[in-house]
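Summary of the model geometry
Given next are the chains, with one letter for each unit.
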Amino acid sequence: MAAVAALPLLPACQTAPRTPGKIAGASVSAVSNVHAIRSANGVGELKIDPVLEHAALQQAGYMARAGRMAHTTGLGRSFNSRIRDGEIRGIAAENIAMGRMGMDELFARWMASPPHRRNMLDPKFTRFGLAYAEAANGSTQRYWALVLAG
């Protein structure tokens, strides 16, 4: 699913925890994927932001514990309230996914979905955080969250 703070929410998503954890090598693989996608579409690169990475990790962990994809938490906290409480200012968006996929497939799926694609190619965004959490049931399912901000 895709959500945008300070803009209308953009529904979408398609993709899929053990304990929450950052993606190993996110700073190399994620940046490489994001940079290639944006560069191929004539959009400036994004920088990894630790605050956004933390926000992504929190949402991925929540989804992994809940066993479902959602932009809200069990406490009813919306994406907008999570961003505001996390002191992320300005425009922001969130793409989420679930599946047994690697990063290349994850980004390919998001690029094939118009709302996710729009988020990833928005020139107003200058930074991002990406994280996943593994399914609590011990499977290889991953719950992914990408948070973008200007």
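Quick summary incoming for the structure in this document. (Residues numbered from 1 in each chain as written. Predicted model: local features only at pLDDT ≥ 70, side-chain atom pairs only at ≥ 80, totals over all residues. Heavy atoms only, no water.)

So, on to the packing of helix 4 (residues 103-112) against helix 5 (residues 114-121). Two elements in contact, helix 4 and helix 5, have axes whose closest approach is 5 Å; the angle formed by their N-to-C orientations is 105°. By the angle between their axes, helix 4 is roughly perpendicular relative to helix 5. On the side of helix 4, the interface is formed by Phe107, Trp110, Met111 and Ala112, while helix 5 contributes Pro114, His116, Arg117, Met120 and Leu121. (Axes fitted to C-alpha atoms, helices over the stretch in contact; angles between N-to-C directions. Helix = DSSP H or I, 4+ residues; strand = E, 2+ residues; numbered from the N terminus. Parallel < 35°, antiparallel > 145°, perpendicular 65-115°, else oblique. Contact = heavy atoms within 4.5 Å.)

Buried within helix 4 we find Met103, Leu106, Phe107, Trp110 and Met111. The buried residues of helix 4 all sit within an arc of 130° when viewed along its axis, so they share a single face. Along helix 4, exposed side chains directed more than 90 degrees from the buried face belong to Asp104 and Ala112. (Buried < 20%, exposed > 50% of the residue type's maximum accessible area, 1.4 Å probe, protein only. Arc of directions from axis to C-beta.)

This paragraph deals with the pattern of salt bridges. Counting across every chain of the model gives two salt bridges. In this structure, Arg127 engages Asp49 in a salt bridge whose closest nitrogen and oxygen atoms are separated by 2.9 Å. Of this pair, Arg127 sits in strand 5 (residues 127-134) while Asp49 sits in the loop between strand 3 (47-48) and helix 2 (50-66), and the two are 78 residues apart along the sequence. Between Glu105 and Arg109 there is a salt bridge; the shortest N-O distance is 2.5 Å. You can see Glu105 and its partner Arg109 sitting in helix 4, four residues apart, about one turn around the helix. (Salt bridge = Lys/Arg side-chain N within 4 Å of Asp/Glu carboxyl O.)

On to the environment of Leu130, then. As for its position among the elements, Leu130 is in strand 5. Linking Leu130 and Ile96, residues 34 residues apart in sequence, is a C-alpha distance of 9.7 Å.

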